[in-house]
Amino acid sequence: MSQTDPELLLQELGGWDWDLCRRELPVVLPRLLSMYQESEDWTEHIHNAYMANVMLPLKIKYLICFCLRQFFLSSGVLRILTEMFLPHISLADLEQTFFSKVLPKTLQLFDNLMYELSSEAKGLTSQNTELCSTVRNLLQTMVQLLETLTGCVRYVCTLQECVPLERIRTLPSSVLYVIKNTFTHCKDSESVYCGHLHLIADLLQAMFKETYSLQKQLMELLDMISIGSASAEDNITDMVSVIHTVLEICSVISNMDHALHANTWKFIIKQSLKHHSLLQCHLNHSDILSGLCKDTLLSFHSCLQLAEQMKMSEIQEGTDLRLFQKTVKLCRFFANSLVHYTKEFLSFFSDLCSELHQLFLQIYSKFPPSLYAPEISEVHRDEISRVFLVALDPLINQLLPFSPFMEQVLSEKLGLPPEQQLPQCLLLITIMDKLSSQPEEVQTLWNAGKSLSLFSALFFSFQQCSGELSFPVCLPEVISTGQPAVPITLYHYVCVHLCSFIASTLPSHFSQLEYALLDAVLGSSMITSLLAMDSWCFLARYGTAELCAHHVVVIARLIKSWPSDCYRVSALGVLLRRMLFLMAPDHQAKFAHKFFPEEEENLAVWQHISLKALNPDLRKRAARQLCVAGLAQCRRWLNSRRALGELRPVNTALSVLLAAYNFAGDTLEAELQASILGVLGQFWTFLQAKQVSDEPRLQQTLCLLLHLLEFFIQALDAQLITRVFALQSSLFQMDPPDHVRLAMVDFLSSMGKVFIPQETQRQVVPQLSCLFASLLADQTWLIHQHALEAFTHFAEETSHEDVVPQCLNSEETKNKVVSFLAKTRQVEETTEARTERMKQERITCSAQFMKMAGELESTGEPLAKRACHPPSEEQYKSAIGTMEGAVEAVKLLLGKGSPPAWLAVKLEALHTAIAILRDSVR
């Protein structure tokens, strides 16, 4: 055996057979290990020469060739060691005799190869054939090194079914280092090889495939690893290091190969679960969960991009479809992995629930029916839902009993951006759907925990979805058992699921339900108040008659306790009116006895009640009693000094008279009706336009009087008609508020039934036509729409046909009336434009709700002192998002026409305010 020339020695060893290698192992192995470990690092010599600039190009070229020769030699020694002598070393001696001595030098050889590749690749061109040959040789050597390592790992796999980790401790970490850096090199190849990939693409692909094989073989070996039930700390540390390194590899290969990516994650999950009891306190659960969530979202976004591309190109088959289907399956894999990992390690997720919460919100913010979702076909949407979202659903079941997740989801300080408001609402609905099947302690956690109750959180979240409610977005829902799902509006969807949840609510959680319902009814959002009323009425129908009666009495007492002009009383009044229809007849009679209609203090309650809810006898009796009490109140004020500060009970009395006429006018005696008309006429003798314009309570009086006169419209004398129109005409010149204009519109509509006496036509007709013309031209869409309906009704009924054209004093007004009669839309808005408008309106609504909430808190009772918490980053992001959205809204408006004169001044003031904010941050 040659003692001097390494190459001759390798040639000689290449001819040895199996038995000779086994016999000579004790002699040859130390010599080969010495040769391998003492091989000189020529790469560093070359690097130093370059940096010092002391060597001629020819000398450098010689050193590069020599370095390549050293690489080949080292690679050859390693291959002989692994292929010819490794199989003769026992498992017990592998680490001490072989791996601990060979692998450190192998990593050095690998690093040298990588350094040379990166250095030489910078000058790679098709013209420089010599450099191209050098790079290809380096790549070929790298492929051989990977093949050798793969063979080494493969051999260990054949030794026995269970391999103790301490017997091969150096092997996993060394191979993972090679795998990670090789994949990174492949990932960065476009920049490393400066656009000349085509010159080495075949070898680069071979290197990737061999690395893929090496990783696959290593994972097979690690599946066989045993670290024992009471392993040494070193074994646990090593296994944790293996899992964390594989996690780093995941981040490298995430966009390279779906199957490789999935298999790598599968290994992490499998090993974490396999050694659960030993590793659970040592694993970095934060990094693993973050990686899973990140890769889930990346795969999901890839699905959406592919679906959107197919929608735009109108191509539903081919390569894109196959890639889409593979990506959806990858999403499902990640969902299943999350479910399995969470099931085993949930107790370690106390500080990680925000990531899981955000995962749900980000997924549903980009998926229909979100206004912020890309446009994809229904087929692709159904496939994503059926394959991916269904697989993700069990994750919520696992998180329901986990208190930190509940606290995260129900937190009052989420500060979510606009696109995540609907996903939050849908997540809460999903939780509601699942809670009924959970144990009582889990239901108590969500309904009666430290945070907001689930009921209150849903109402708050629903209030933030103004854009989706106005659009409206639709969601699939099964209306009838056995029938396919049909699209229903978001409001309908939330109402159905909320009512279903209310039906399953435990009695012990009833106080939280009642609190949330009342709070929502009294809130600043009308649509949320309506949802709470609908839910409350369902509760009244679903619950006992006694419960309904109890709630009606509570609501009535609340109405009595607040001033009648408080907007909260209006909401309670609507609820009371609806609830009374649901009461049992005997309970209605008891209610009428408890809140006796003839007692003036109860008029505040009865003004909100529809007498149609009562049986005929009770209705007739209550209507008469209310009219008597209302007349008495009005006469008392008319016969006094008529102080405006005492108008509140008068308006309540007029409201009661209006309620009686609305629902039981046909039951009132003629004498009583004449008395009412006489009292109404007295009000018009002292009303003055300037006084009405300045006094809000007097405006309410005027509106009630106009509505009441509609019932007596054909009994009005000429003098009263003249006074009514004179006041309206004078008041209109003073720009009255919208609710006064709407009352005028309703009164004008009833004038079609009246024949105006000849002696008053000269004065009344011009005022009538002028009022109609002004209201038809009103810029407020609600008043304009009501004016169109009222004018149409008037034109159909009036006997004064010559008045009709006088009301249409402009070509624009004529065209709008014609379009209204023909049911023609003025402007056809595209879906995209409507979506953008809803997004901008959401910003306005959110700002208004925040303002109103602040005003309500400032006018309420002093609150108990609470700890002052600094604002969260999410709150800052939400506020800045609102500012950015407002800027975009102004840009859109500027693009549609010239701005008002005050805009420049206002923008300058805002600019100054922002500058002050910026300086305070600095």
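Now for a look at the structure at hand. (Residues numbered from 1 in each chain as written. Predicted model: local features only at pLDDT ≥ 70, side-chain atom pairs only at ≥ 80, totals over all residues. Heavy atoms only, no water.)

**Here's the deal with the overall build of the protein chain**
Working step 1: From N to C terminus, the protein chain includes 42 helices and four strands.
Working step 2: Within the protein chain, the fraction of its 922 residues that count as buried is 48%.
Working step 3: Carbon and sulfur atoms form 54% of the exposed surface of the protein chain, whose accessible area is close to 44900 Å². (Helix = DSSP H or I, 4+ residues; strand = E, 2+ residues; numbered from the N terminus. Buried < 20%, exposed > 50% of the residue type's maximum accessible area, 1.4 Å probe, protein only. Areas by Shrake-Rupley, 256 points an atom, 1.4 Å probe, with all protein chains shown as cover.)

**What about helix α22 (residues 490-503)?**
Working step 1: Relative to the 20 Å expected for 14 residues at 1.5 Å per residue, α22 spans 20 Å between its end C-alpha atoms, a close match to the ideal helical length.
Working step 2: Of all 14 residues in α22, ten are buried; the element is thus mostly enclosed.
Working step 3: Listed as buried for α22 are Leu490, Tyr491, Tyr493, Val494, Cys495, His497, Leu498, Cys499, Phe501 and Ile502. (Expected span 1.5 Å × (residues − 1).)

**So, the packing of helix α36 (residues 758-776) against helix α37 (residues 781-797)**
Working step 1: Where α36 meets α37, the axes come as close as 8 Å, and the angle between the chain directions of the two elements is 140 degrees. With respect to α37, the element α36 is oriented oblique. Contact with α36, carried on its side by Leu768, Phe772, Leu775 and Leu776, involves Ile783, His784, Ala787, Leu788, Ala790, Phe791 and Phe794 of α37 and no other residues of that element. (Axes fitted to C-alpha atoms, helices over the stretch in contact; angles between N-to-C directions. Parallel < 35°, antiparallel > 145°, perpendicular 65-115°, else oblique. Contact = heavy atoms within 4.5 Å.)

**Let's talk about a nonpolar patch on the surface**
Working step 1: A grouping of Ile880, Met883 and Ile914 is seen on the molecular surface, where their side chains present a nonpolar patch of about 260 Å² in accessible area.
Working step 2: For Met883, the location among the structural elements is in helix α41 (residues 873-896). (Patch = residues over 30% accessible without salt bridge, like charges linked within 9 Å, V, L, I, M, F, W, Y side chains within 5 Å. Salt bridge = Lys/Arg side-chain N within 4 Å of Asp/Glu carboxyl O.)

**Quick look at the side chain of Glu210**
Working step 1: For Glu210, the position within the fold is in helix α9 (residues 201-223).
Working step 2: Buried and without a salt bridge, Glu210 has Arg154 as its closest oppositely charged side chain, separated by 5.7 Å.
Working step 3: Among the polar contacts made by the side chain of Glu210, one reaches the side chain of Thr150 at a distance of 3.3 Å.
Working step 4: Look past the residues within four positions of Glu210 in its chain and what remains in contact with it is Val143, Leu146, Glu147 and Thr150. (Lys, Arg positive; Asp, Glu negative; His and termini not counted. Polar contact = N/O pair within 3.5 Å; in protein donor to acceptor, adjacent residues only side chain to side chain.)

**Quick notes on the pattern of salt bridges**
Working step 1: A full pass over the atoms with the stated rule returns 16 salt bridges.
Working step 2: Ionic pairing is found between Arg636 and Glu600, a salt bridge with its closest N-O pair at 2.8 Å. In this pair, Arg636 is assigned in helix α29 (residues 616-638) and Glu600 in the loop between α27 (585-594) and α28 (603-606), connecting sequence segments 36 residues apart.
Working step 3: Note on Arg636: relative accessible area 46%, which makes it partly exposed.
Working step 4: By relative accessible area, which is 32% here, Glu600 ends up partly exposed.

**Details of the packing of aromatic side chains**
Working step 1: On inspection of all chains with the given rule, the structure shows 24 aromatic pairs.
Working step 2: Plain terms: the ring middles of Phe300 and Phe367 are 6.4 Å apart, the flat faces sit at 50 degrees to each other, and that makes the pair tilted. Of the two residues, Phe300 is situated in helix α13 (residues 285-313) and Phe367 in the loop between α15 (353-365) and α16 (378-399); the sequence distance between them amounts to 67 residues. Just as Phe300 is buried, Phe367 falls in that class too.
Working step 3: Summarising the aromatic geometry, the rings of Tyr341 and Phe345 are spaced 4.6 Å apart at their centres and angled 40 degrees between planes, so their arrangement reads as tilted. Of this pair, Tyr341 and Phe345 both sit in helix α14 (residues 319-345), four residues apart, roughly one helical turn.
Working step 4: A connected cluster of aromatic rings, assembled from ring pairs, spans Phe183, Phe208 and Tyr212. (Phe/Tyr/Trp six-rings, centres within 6.5 Å; stacked < 30°, edge-to-face > 60°.)

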